[in-house]
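The chain contents come next:
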Amino acid sequence: MSRKDFGAKPLCYPQPVFIIGSYGEDSTPNAMNAAWGGISEQNEISMCLGDDHKTVKNILQTKAFTVSMADAAHVAACDYVGIVSGNTVKDKLAKAGLTVTKSARVNAPIINELAVCLECRLIAYDPESCILRGEIVNVSVDESALTDGKVDVSKVRPIVFDPFNHAYHVLGEQVGKAWQSGTIYR
């Protein structure tokens, strides 16, 4: 077997495409695209976000944020909010064609077009490591993404970031059952 070395780089599959929502000091909703993050405790999410982002500044002020799962139907809008900065483009969510509803649980916007949303309170932010940690206080899912009351990944069509090729891919094909497929080795 032959292998190719890529060096010490942040190359890993899968990398989720998170859309981080926050409100600015003037209550304008803002969002950014982030792929470096994941669940770090039972009710905690952690992400690597530089403090130069408008979204991080907003979160530090409001102590709240949302994390929506980017999806295939809105890939261009989700990419756009990662291309432009909220520091220079005031209403980039509206320019991307995305609308919001204020969360009833935290002071942050839920992006209506994205089916899955984590509503979070800020736990901590370390500007040296750029690690932002949030307490997940609720996960809300648009009913259009449910089948028989359960989240249907084929309806959500979440996307992941491919850092090797700078591309987005849609998730959806089931290849096994968690905590069941491996029982054939017992």
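Bear in mind that the values here come from a model prediction, so they are computed numbers and not experimental data.

Criteria and cut-off values
- Residues numbered from 1 in each chain as written.
- Predicted model: local features only at pLDDT ≥ 70, side-chain atom pairs only at ≥ 80, totals over all residues.
- Heavy atoms only, no water.
- Helix = DSSP H or I, 4+ residues; strand = E, 2+ residues; numbered from the N terminus.
- Buried < 20%, exposed > 50% of the residue type's maximum accessible area, 1.4 Å probe, protein only.
- Lys, Arg positive; Asp, Glu negative; His and termini not counted.
- Salt bridge = Lys/Arg side-chain N within 4 Å of Asp/Glu carboxyl O.
- Contact = heavy atoms within 4.5 Å.
- Arc of directions from axis to C-beta.

Draft legend 1. The side chain of Asp152, seen in detail. Here Asp152 is to be found in the loop between strand E12 (150–151) and helix H4 (153–156). For the buried residue Asp152, which engages in no salt bridge, the nearest side chain bearing the opposite charge is Lys155, 4.6 Å off. Setting aside residues no more than four positions away along its own chain, Asp152 makes contact with Ala145, Leu146 and Thr147.

Draft legend 2. The pattern of salt bridges, seen in detail. Throughout the structure, instances matching the rule amount to five salt bridges. Here Glu25 ties to Lys54 by a salt bridge, and the two come within 2.8 Å at their closest N and O atoms. Of this pair, Glu25 sits in the loop between strand E2 (18–23) and strand E3 (29–34) while Lys54 sits in helix H1 (residues 54–62), placing them 29 residues apart in sequence. With relative accessibility at 55%, the residue Glu25 sits in the exposed group. For Lys54, a relative accessible area of 17% puts it in the buried group. The salt bridge involving Arg105 is made with Glu119; its shortest N-O contact spans 3.9 Å. Highlighted residues: Arg105 in the loop between strand E7 (100–102) and strand E8 (109–111) and Glu119 in strand E9 (residues 116–126), separated in sequence by 14 residues. On the basis of relative accessible area, Glu119 is assigned to the buried category, the value being 1%.

Draft legend 3. Geometry of helix H2 (residues 75–83). If you check which residues of H2 are buried, you get Ala77, Cys78 and Val81. On an axial view of H2, the arc spanned by its buried residues comes to 100°, and they lie on one face. For H2, the exposed residues lying more than 90 degrees away from the buried face are Ala76 and Ile83. Looking at the buried positions of H2, the neighbouring elements they touch are E2, E3 and helix H3 (92–95).

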